[in-house]
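In case you want the letters, here they are:
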2 protein chains.
Amino acid sequence: MFKLNKKTEYGLLALQYMSSLQDDQVTTAREIAEKNDISLALVSKILQKLAQKKLVRSVQGAKGGYVLAKNSTNISLAEIVQAIEGPIYIFDCQKNRCTRIQACSIKGQLNAVAYKMIDYFKTIKLSDFSTEISKNKQESFQ
Amino acid sequence: MFKLNKKTEYGLLALQYMSSLQDDQVTTAREIAEKNDISLALVSKILQKLAQKKLVRSVQGAKGGYVLAKNSTNISLAEIVQAIEGPIYIFDCQKNRCTRIQACSIKGQLNAVAYKMIDYFKTIKLSDFSTEISKNKQESFQ
DNA sequence: ATAAACAAGACTATTTTGGTCCTATTTAAT
DNA sequence: ATTAAATAGGACCAAAATAGTCTTGTTTAT
Ligand code: SF4
Ligand code: SF4
């Protein structure tokens, strides 16, 4: 299916939690895990990836933890997804050297679609998730 | 990862092939399989789904096969994906009754993102894949 | 009747995802 | 110095989703 994975979801929850704290307040993986009901080991892994990509800054040692590395208005959904899931592709043409790639009549167009999606994801910022004008309108839409 | 699956890709190749034929020319699953180097059994399954969703029309019996059920300008990527993969969700909140759903601070915004994506997919038509102004510019874009 | 096609469901294999565990390192506090 | 609380990272396992096969049945032109 065409969806973001659970790790990304947990990452988003973690980041959202961090952005809800007072400026530059360090929080721990443990606290994030408890507040969001996610396994500590798992959320730790995710935070490590976010730290590697410099979306959060880690503070080592006792009293350590994590803080957002940038303002939440400067962290995009694209960055988050890419940090956790890796590059965004629609199809993996390169992988296993697709034998159809020469004659493929759809890859160009699909590439364009991928571009557009990434561009759109870049426009969505972590801060947008705080604004949360709580859309409890859970309409079914397809 | 955030991608369309192989079945959708094969479906797209199949549809693209069908749209390249003369008006209303019936083609067979076998021919589609051979021309696109996809297993017959697999592409048959996919064509069945497309037929169920009325994107293609099946012709029973000997000399039977498949034809596009509508003009290729009226078949959207959204329909194709939904026919093959089912509803497009970004996260499956309903599934397994997510325990966080009450307090969840991200689902509203994510719902909006899903909407937008589906809307975008609706604007992309099968006919766009024929136009294929062959973007051999395989730039890396992330 | 036969053969060529679609229809549909059960089944299996493979890959990806989700999740755990263990060991090492850093550092504040005592 | 020692301890305890934290991150870092890799190996590993389990579960789920995806990809692909097989078998049986139905339709219909010849
Ligand atoms: S068939 Fe086309 S879109 Fe699919 S993997 Fe090969 S090159 Fe890419
Ligand atoms: S945490 Fe929020 S977004 Fe994730 S599944 Fe639950 S309700 Fe949906």
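Computed from a predicted model, the values in this text were never measured in an experiment. (Residues numbered from 1 in each chain as written. Chains lettered and ligands numbered in written order. Predicted model: local features only at pLDDT ≥ 70, side-chain atom pairs only at ≥ 80, totals over all residues. Heavy atoms only, no water.)

A few words now on the pattern of salt bridges. Residue and element names in this part refer to chain A. Under the criterion given, the structure shown has 6 salt bridges over all chains. The partner of Glu31 in a salt bridge is Lys35, and the shortest N-O contact between them spans 3.7 Å. Here Glu31 pairs with Lys35, and both are found in helix H2 (residues 29–36), just 4 residues apart, close to one helical turn. A relative accessible area of 27% means that Glu31 is categorised as partly exposed. Accessibility expressed as a relative area gives 55% for Lys35, which makes it exposed. (Salt bridge = Lys/Arg side-chain N within 4 Å of Asp/Glu carboxyl O. Helix = DSSP H or I, 4+ residues; strand = E, 2+ residues; numbered from the N terminus. Buried < 20%, exposed > 50% of the residue type's maximum accessible area, 1.4 Å probe, protein only.)

What follows is about the side chain of Ser72(A). Inspection of the secondary structure puts Ser72(A) in the loop between strand E2 (65–68) and helix H4 (77–85). Not counting the four nearest positions on each side in its chain, Ser72(A) is found in contact with Ser19(A), Lys125(A), Leu126(A) and Ser127(A). (Contact = heavy atoms within 4.5 Å.)

Right, let's talk about the relation of the copies chain A and chain B for a bit. Mapping chain A onto chain B leaves a residual RMSD of 0.0 Å; the transformation is a rotation of 180° accompanied by 0.0 Å of translation along its axis. Such a combination of rotation and displacement between the chain copies is what one expects of a two-fold axis. Identified as the residue of chain A closest to the rotation axis by C-alpha distance is Phe2(A), at 2.9 Å. Of all interface residues in chain A, 100% are interface residues in chain B too; the two copies therefore contact each other through one and the same surface. (Least-squares fit on C-alpha atoms with pLDDT ≥ 70 in both.)

What follows concerns the site of ligand 1. Taken together, Cys93(A), Cys98(A), Arg100(A), Ile101(A), Cys104(A), Ile106(A) and Glu9(B) form the complete shell of residues around ligand 1. At ligand 1, the nearby residues belong to more than one chain, namely chains A and B. Here the shell around ligand 1 is composed, by residue class, of 5 nonpolar, no polar and 2 charged. (Near = heavy atom within 4 Å. Nonpolar A, V, L, I, M, F, W, Y, C, P; charged D, E, K, R; others polar.)

Contacts to ligand 2 come from Glu9(A), Cys93(B), Cys98(B), Arg100(B), Ile101(B), Cys104(B) and Ile106(B). Around ligand 2, the neighbouring residues derive from chains A and B rather than from a single chain.

In this assembly, 52 residues from chain A lie in contact with 52 residues from chain B. Of the roughly 5,500 Å² buried between chain A and chain B on both sides combined, carbon and sulfur atoms contribute 58%. Scanning the region where chain A abuts chain B turns up 2 salt bridges. The closest approach of N and O atoms between Lys3(A) and Asp92(B), which form a salt bridge, is 3.5 Å. In this structure, the connection of chain A to chain B is made through 9 residue pairs in polar contact (both at pLDDT 80 or more). Secondary-structure elements contributing two or more residues to the side of chain A that touches chain B are helix H1 (6–19), H4, helix H5 (107–123) and helix H6 (126–131) of chain A. Per-element accounting of the side of chain A that touches chain B gives the leading share, 14 residues, to H5(A). (Buried area = accessible area lost by both parts, 1.4 Å probe. Polar contact = N/O pair within 3.5 Å; in protein donor to acceptor, adjacent residues only side chain to side chain.)

Turning to the side chain of Glu85(A), a few remarks are in order. Position of Glu85(A) among the secondary structure elements: in helix H4. No salt bridge is formed by the buried Glu85(A); its nearest oppositely charged neighbour, Lys3(B), is found at 8.9 Å. Polar side-chain contacts of Glu85(A) include one of 2.9 Å to the backbone nitrogen of Asn5(A). (Lys, Arg positive; Asp, Glu negative; His and termini not counted.)

All names here are of chain A. Across its 14 residues, H1 extends 20 Å between first and last C-alpha, which sits within 8% of the 20 Å expected from 1.5 Å per residue. Most of H1 sits out of view: 11 of its 14 residues are buried. Within the sequence span of H1, burial applies to Thr8, Glu9, Tyr10, Gly11, Leu12, Leu13, Ala14, Leu15, Gln16, Tyr17 and Met18. Looking at where H1 begins, the residue whose side-chain oxygen comes 3.2 Å from the main-chain nitrogen of Lys7 is Asn5. (Expected span 1.5 Å × (residues − 1).)

A few words on the packing of H5(A) against helix H5 (residues 107–123) of chain B. Relative orientation of the contacting elements H5(A) and H5(B) amounts to 155°, with a least axis distance of 12 Å. Here H5(A) lies roughly antiparallel to H5(B), going by the angle between them. For the element pair H5(A) and H5(B), the recorded crossing hand is right-handed. In this structure, H5(A) contributes Ala112(A), Val113(A), Lys116(A), Met117(A), Tyr120(A) and Phe121(A) to the contact, and H5(B) contributes Ala112(B), Val113(B), Lys116(B), Met117(B), Tyr120(B) and Phe121(B). (Axes fitted to C-alpha atoms, helices over the stretch in contact; angles between N-to-C directions. Parallel < 35°, antiparallel > 145°, perpendicular 65-115°, else oblique. Left-handed = near helix turned anticlockwise from the far one by under 90°.)

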